[in-house]
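Structural characterization, general
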Amino acid sequence: MLVRAGAAVRTRRTAGLRRLWRGAGSGGAAACFPLGRALVAVRGAEAAAFLQGLLTNDVTRLLAGEAPSSSGAAAAAPARALVLASAAVGVCFSDLVGVAFFRLHESPAEEPHILLECDSGVLDAMQKHLKLYKIRRKVNIAPCLDLSLWAVVPGEKAGDAAGSVSQRAEQALVLTPDPRTEVMGWRLITKKGANLSEIIPGSYIGNLQDYHRHRYKQGIPEGVKDLPPGVALPLESNLAYMNGISFTKGCYIGQELTARTHHMGVIRKRLLPVHFSAPLPNDGVPEGAEIFTESGKSAGKFRAGGGELGIALLRLANINEPLSLNVGGEKVKLTANIPEWWPKSAGK
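Criteria and thresholds
One numbering rule holds for all chains: residues counted from 1, following each sequence as written. pLDDT decides what is reported in this predicted model: residues at 70 or higher carry local features, side-chain atom pairs at 80 or more are listed and counted, and totals for whole chains, interfaces and linings draw on all residues regardless. In computing side-chain properties, one takes all heavy atoms of the structure into account and sets aside hydrogens as well as water. Helix and strand assignments come from DSSP, with helices taken as H or I runs of at least 4 residues and strands as E runs of at least 2, each series counted from the N terminus. Think of it in three bands: with a 1.4 Å probe and only protein chains considered, a residue is buried below 20% of the maximum accessible area for its type, exposed above 50%, and partly exposed in between. Should any heavy atoms of two residues lie within 4.5 Å, those residues are counted as being in contact. In the sections that follow, a salt bridge refers to a side-chain nitrogen of Lys or Arg positioned within 4 Å of a carboxyl oxygen of Asp or Glu. How far a helix is expected to stretch is found by multiplying one less than its residue total by 1.5 Å. Of all possible arcs, the one meant is that of the directions from the helix axis to the C-beta atoms. Buried Ala, Val, Leu, Ile, Met, Phe, Trp, Tyr and Cys residues form a nonpolar core when they are joined through side-chain atoms within 4.5 Å. A domain assignment, automatic or from a database, supplies the domain bounds used here. When DSSP finds two or more bridges between two strands, those strands count as paired. Axes here refer to lines fitted to C-alpha atoms; in helices the fit is confined to the stretch in contact. Angles between the N-to-C directions go from 0 to 180 degrees.

Notes on unusual backbone geometry
Within the chain, Asn-238 stands out as a residue other than glycine whose phi angle is a positive 65 degrees. Relative to the elements of secondary structure, Asn-238 occurs in the loop between α7 (208–218) and α8 (255–264). In this structure Asn-238 comes out as buried when scored by relative accessible area, which is 0%. Positive phi, normally seen in glycine, also occurs at Asn-243, with a value near 60 degrees. If you trace the backbone, Asn-243 turns up in the loop between α7 and α8.

Given below as structure tokens:
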């Protein structure tokens, strides 16, 4: 299962890890967050063709070792080096389960070996969904219970971690830029029980709540609370901005609606980061709670949050108005903003 890169990949790996080590964090060493998300392996001669018909993104580009991107607005996202493995993000239809996927095989000549990342709570549903469409495809589908997934948010501490990662390759299976946006840092997959301070010297284990606060601040959805299956739509969820949709790959389940909406150019609602005037209660806010304008008109729905930060699906026409949410009979004011990492033409 271990990916052993050739000389060209080692060159990209060294440059990429130096960027990680001097990265865009707020200072100090890299923070590693244990995500507790599930990984599913799809392996076999027909793995790429099988997933190509189920995911919104172009799996063939991942297998070819290209940086993830899609046409239109998402093409404005900066290209990033590939380190140890390629990665991309997409959606698995028909129930819209948001996933990231990683290429583990080293070259196109090898048998395709792809990992899908998803919420632990939908692991069984994901496997059933994949097996439903497997039919007679030559693929094996199995959960990776011996692996752990981490988010790595870089700090500014100088150093070169490339040599260490090479020496600890038996523990670090995948280290690659988060395919959604640079502000989310890196994705790391290790064997369970791996020592993170050996893989990335000087790093520390961060509080998972800090990771979610970072996500909410940037308006990045992740998991079934942010992307409720059967409810969320790819374009409203900003998947095109996060390199999650290919508009040139051809047919996949759910492609017609997504392509038609994209080419019509009319998207009235989007997921946006929101900031509350007071911290949310510890028992939280019901998912899908209505958000209102000052005149009492519905402006959207709350998805998830914590403290004074959250993420909500809002009508773009209302985001500059005073907004509020009813929490325990009290009206809590909130403001929305367009993230800086979005394409410059977005939200207009």
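Some points on the side chain of Thr-293
Relative to the elements of secondary structure, Thr-293 occurs in strand β12 (residues 290–293). With near-sequence residues (within four places) excluded, Thr-293 lies in contact with Ala-299, Asn-318, Glu-321, Pro-322 and Leu-323.

Focus: the environment of His-275
Secondary-structure assignment places His-275 in strand β11 (residues 269–276). Accessibility expressed as a relative area gives 39% for His-275, which makes it partly exposed. On a C-alpha basis, the gap between His-275 and Leu-309 in space is 4.8 Å, while along the polypeptide they are 34 residues apart. Discounting chain neighbours no more than four positions away, the residues touching His-275 are Glu-308, Leu-309, Lys-333, Leu-334 and Thr-335.

Some points on the pattern of salt bridges
Pairs can form between side chains of opposite charge once their charged atoms are near each other. Taken as a whole, this structure holds 11 salt bridges when the rule is applied. In this structure, the salt-bridge partner of Glu-117 is Arg-37, at a minimum N-O distance of 2.7 Å. Here Arg-37 lies in the loop between β1 (31–34) and β2 (38–43) and Glu-117 lies in strand β5 (residues 113–118), a separation of 80 residues in the sequence. Taken individually, Glu-117 and Arg-37 each receive the classification buried, so the pair is uniform in this respect. The partner of Arg-215 in a salt bridge is Asp-226, with the nearest N and O atoms 2.7 Å apart. Residue Arg-215 is found in helix α7, and its partner Asp-226 is found in the loop between α7 and α8; the two are separated by 11 residues along the sequence. For the pair Arg-215 and Asp-226, a shared accessibility class is recorded, and that class is buried. Linked through salt bridges whose partners overlap, the residues forming this network are Arg-37, Glu-117, Asp-119, Asp-178, Arg-180, Arg-187 and Glu-222.

Topic: helix α4 (residues 123–134)
With 12 residues, α4 should reach 16 Å at 1.5 Å per residue; the first-to-last C-alpha distance of 16 Å fits that figure. For α4, the set of buried residues is Leu-123, Met-126, Gln-127, His-129 and Leu-130. In a view along the axis of α4, the buried residues occupy a sector of 160 degrees, so they form one face of it. Residues Asp-124, Lys-128 and Leu-132 are exposed on α4 and point more than 90 degrees away from its buried face. Backbone geometry just downstream of α4 places Ile-135 in the positive-phi region, at approximately 50 degrees.

Thoughts on the nonpolar core
Across soluble globular proteins, nonpolar side chains have a tendency to be buried as a group. Among the nonpolar cores identified, the biggest contains 49 residues, and Leu-115, Ile-189, Phe-276, Ile-291, Phe-302, Leu-314 and Leu-325 are the most heavily contacted of them. Per-element tally for this core: the top contributor is strand β7 (residues 147–153), with four residues. Counting contributing residues, this core receives three or more from each of domain 1 (30–63 + 80–218) and domain 2 (268–336). Beyond its immediate chain neighbours, meaning those up to four positions away, Ile-291 contacts Lys-297, Ser-298, Ala-299, Gly-300, Lys-301, Phe-302, Ala-312, Leu-314, Leu-323, Ser-324, Leu-325 and Leu-334. Core analysis: the next-biggest nonpolar cluster, separate from the first, contains 22 residues, Phe-50, Leu-63, Leu-116 and Ile-141 among them.

Concerning the sheet that holds strand β8 (residues 172–177)
Overall, mixed pairing links the five strands, which are arranged β8-β9-β7-β1-β10 in an open sheet. On the outer flanks of this sheet lie β8 and β10 (204–205), each paired with one strand and no other. Summarising the sheet, β1 and β7 pair through four bridges and their orientation is antiparallel. Among the inter-strand pairings, Ala-31 is bridged to a residue of β7, identified as Val-153. In this fold α7 packs onto β1, β7 and β9 (186–191), with an angle of close to 100 degrees to the strand it touches most, β1.

Description of the sheet that holds strand β16 (residues 330–336)
Sheet architecture is closed into a barrel: six strands sit in the order β11-β14-β13-β12-β15-β16, paired in antiparallel fashion. Recorded for the sheet is a direction-independent mean angle of 40 degrees between the axes of neighbouring strands. Bridge count between β11 and β16: three bridges; the pairing is antiparallel. Paired with Val-274 across the bridge in β16 is Ala-336.

Fair warning: the whole summary comes from geometry, so function is off the table for now.
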